Structures are given as structure tokens and as C-alpha cells.
Amino acid sequence: MSQLDMAFECGMSARHLGFVETGKAQPSRDAIGRIANALSLPLRERNALLLAAGYAPQYAERELATPALERMRDAVDLILQHQNPYPAFILDRRFDVLGGNDGAMNINRFVMQGRESRHTNLLRQIFDPDDFRPVILNWPAVAAGFLRRLHDHLAITPGDEYGQALLTELLGYPGVPQEWRFRGIGSEIEPVLTLDFRSPAGPLRFFETITTFAAPFDVTLDELQIDCAFPADALTASVCARLAAGEMP
């Protein structure tokens, strides 16, 4: 983005934006907001930008369990329950799994054959050879797709040191191509990327949707994602239904 384009998006002159950039001019709180809008910054980064300019943060970061977020928490629970018998789980900005529904627990236990996951972080589960990785039939495509999501996250949150360290850790697992350290890895030719799992009943295939809050004004809600998996074939739908009924396919 050129300085002229950036200035146009911010509704200010390129000269003034240049002075802000070099520290010759102190931006107003309103100008900081316009710069954040032009860059489509998430709420955490908007707070960081305000602090860097000498202003108090604008957006609160509450625990999901706080009474102020009760209605939003109810909405999340409703989505999780309605997704049964198919899997759904909650992720935060670090890709840590905060919770899931019965459908997710059923599928996890079934494909892992009683083995417990070593990690609560979804990306570690996917990349660790001693975790979910061996049961993912199309692991290269799935791993590349999820790593792209991490790259996209880091592109808009460059100050996330944890995310940068997580990227380095994932690249250190065996069999991970080093070119994946760059953004824009891989390419899919299918309409959507499926997650194909090895199971005693045969291959299980899912595709995913991600639900987020519209116009959140809380950092926690802004970073929350509800990942819902849907069966991509009749066998997968049948296995999910039978597991929910307490039957072992």
C-alpha cells in the first residue's frame, strides 16, 4: 500500500500521514482509528496502536466466563449443541481449543482409538507425529491449509511473539517442508479443503465452516472462532449419527 493510497483511505493528506509516520506530527485519537480501519486491524492491534500513540486502549478484553459476555457465551453454546452429531469446537487467536461439543469428542475418540491428544493447541495436534497427524489421510494439504491460517493471522498481528514462536515450532516437526515458512503456501484444486481421517469404519471426510462475531467490541469476542465440521459423504454422516446414538460402527 503506497503512502498516497494509505492517506486516501485514512481521509488525510499524504504530507500529514508522512509526518505521523516519521514522528513529526502527533496523530489524534480519531486519526489512529482511521489508520486502524484502513489497515483492517483486529481489536488487539488497535489497542496496541493507541498505546503506541500515547492513548488509553479503547477495547476491553474480558474472560469468556465473565457475566458481561453471558449472552454471547449462550450463543456459542447454542451453535455447539445444534452442530451435534457433527463436530464443532471453539478456538482462540492462538489456535488453542477452548471447548467442543459431543460430536467432536465422539469423532476424536473414534479415530484416535482411545489415545488422548498430547496438546490443547489445534496446530500442534495436526503437526505432531505423536498426536492427530497419523490419522489425517490428506495431511500435507490439511497442514498447509492450517499453516496458511497462521500466516494470515501473523500478517495482521505482527507483534504476536507467541504466534511467531508457534510458527517456528511447527516448522521444526519432521516432514514439514521449509518453504512453508513463507506465506502463500500450497494450492487447492477442490472447492473446499476436506479433512480426511483414517478410522475403523473407513475414511471419514469433513469440510469446515468458521463462525465469528459480527462487529465485536471486545478483544476476546473479536478473536473467537467456532469451527464446525460437516460430513462430506454419506459414510461420515452415518458414523457420526451412530456414535451419537452410542453405537460403535
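Residues numbered from 1 in each chain as written. Predicted model: local features only at pLDDT ≥ 70, side-chain atom pairs only at ≥ 80, totals over all residues. Heavy atoms only, no water.

### Thoughts on the packing of aromatic side chains
So, point 1. Applying the stated rule across the entire model yields six aromatic pairs.
So, point 2. Seen from their ring centres, Phe127 and Trp139 are 5.8 Å apart, and the 80° between their planes marks the pair as edge-to-face. Note that Phe127 is positioned in helix H7 (residues 122–127) and Trp139 in helix H8 (residues 139–156), a separation of 12 residues in sequence. For the pair Phe127 and Trp139, one class covers both residues: buried.
So, point 3. Each ring, one from Trp139 and one from Trp180, has its centre 5.9 Å from the other, and the planes form 35°; the classification is tilted. (Phe/Tyr/Trp six-rings, centres within 6.5 Å; stacked < 30°, edge-to-face > 60°. Helix = DSSP H or I, 4+ residues; strand = E, 2+ residues; numbered from the N terminus. Buried < 20%, exposed > 50% of the residue type's maximum accessible area, 1.4 Å probe, protein only.)

### Side note on the sheet that holds strand S5 (residues 225–231)
So, point 1. Across the sheet, which stays open at both edges, the five strands sit in the order S2-S1-S5-S4-S3 with antiparallel pairing between neighbours. Two strands bound the open sheet, and with one partner strand each, they are strand S2 (97–100) and strand S3 (194–197). For this sheet, the mean angle separating the axes of adjacent strands, direction not counted, is 30°.
So, point 2. Seen against the sheet, helix H5 (residues 70–83) touches strand S1 (88–91), strand S4 (204–211) and S5 and runs at an angle of roughly 10° to S5. (Pairing = 2+ DSSP bridges. Axes fitted to C-alpha atoms, helices over the stretch in contact; angles between N-to-C directions. Contact = heavy atoms within 4.5 Å.)

### Let's talk about the state of the cysteines
So, point 1. In the structure shown here, the tally under the stated rule is zero disulfides.
So, point 2. As a non-bridged cysteine, Cys240 has Cys228 as the owner of its nearest cysteine sulfur, 13 Å distant. (Disulfide = S-S within 2.5 Å.)

### Focus: the pairing of S1
So, point 1. Residues of S1 alternate between two faces, with Ala88 and Ile90 on one and Phe89 and Leu91 on the opposite face, all of them buried.
So, point 2. In the sheet, S1 pairs with S5 via four bridges, with the strands oriented antiparallel. Paired with Leu91 across the bridge in S5 is Gln225.
So, point 3. As paired strands, S1 and S2 are joined by three bridges and run antiparallel to one another. Residue pairing for S2: Ile90 is matched across the bridge by Gly99.

### Some details on the pattern of salt bridges
So, point 1. Scanning the model with the defined rule gives 12 salt bridges in all.
So, point 2. A salt bridge links Arg44 to Glu61; its shortest N-O distance comes to 2.7 Å. Highlighted residues: Arg44 in helix H4 (residues 43–52) and Glu61 in the loop between H4 and H5, separated in sequence by 17 residues.
So, point 3. Owing to a relative accessible area of 23%, Arg44 belongs among the partly exposed residues under this scheme.
So, point 4. Ionic contacts of the salt-bridge type, sharing partners, join the residues Arg44, Glu61, Arg93, Asp160 and Glu223 into one network. (Salt bridge = Lys/Arg side-chain N within 4 Å of Asp/Glu carboxyl O.)

### Concerning the packing of H8 against helix H9 (residues 161–171)
So, point 1. As a packed pair, H8 and H9 sit with axes 10 Å apart at the nearest point and diverge in direction by 155°. The orientation of H8 relative to H9 falls into the category roughly antiparallel. At the point where H8 passes H9, the crossing takes the left-handed sense. The residues of H9 that touch H8, namely those facing Leu147, Leu150, His151 and Leu154, are Gly163, Gln164, Leu166, Leu167, Leu170 and Leu171.
So, point 2. By residue class, the composition of the contact of H8 with H9 is seven nonpolar, three polar and no charged. (Parallel < 35°, antiparallel > 145°, perpendicular 65-115°, else oblique. Left-handed = near helix turned anticlockwise from the far one by under 90°. Nonpolar A, V, L, I, M, F, W, Y, C, P; charged D, E, K, R; others polar.)

### Quick word on unusual backbone geometry
So, point 1. At the junction of Asn84 and Pro85, the peptide bond is cis and its omega measures out at 10° in the coordinates.
So, point 2. Among the structural elements, Pro85 can be located in the loop between H5 and S1.
So, point 3. With a phi angle near 50°, Ser40 is a residue other than glycine that sits in the positive phi range.
So, point 4. Here Ser40 shows up in the loop between helix H3 (29–38) and H4.
So, point 5. Although it is not a glycine, Gln113 sits at a positive phi angle of roughly 50°.
So, point 6. Note that Gln113 resides in the loop between helix H6 (102–112) and H7.

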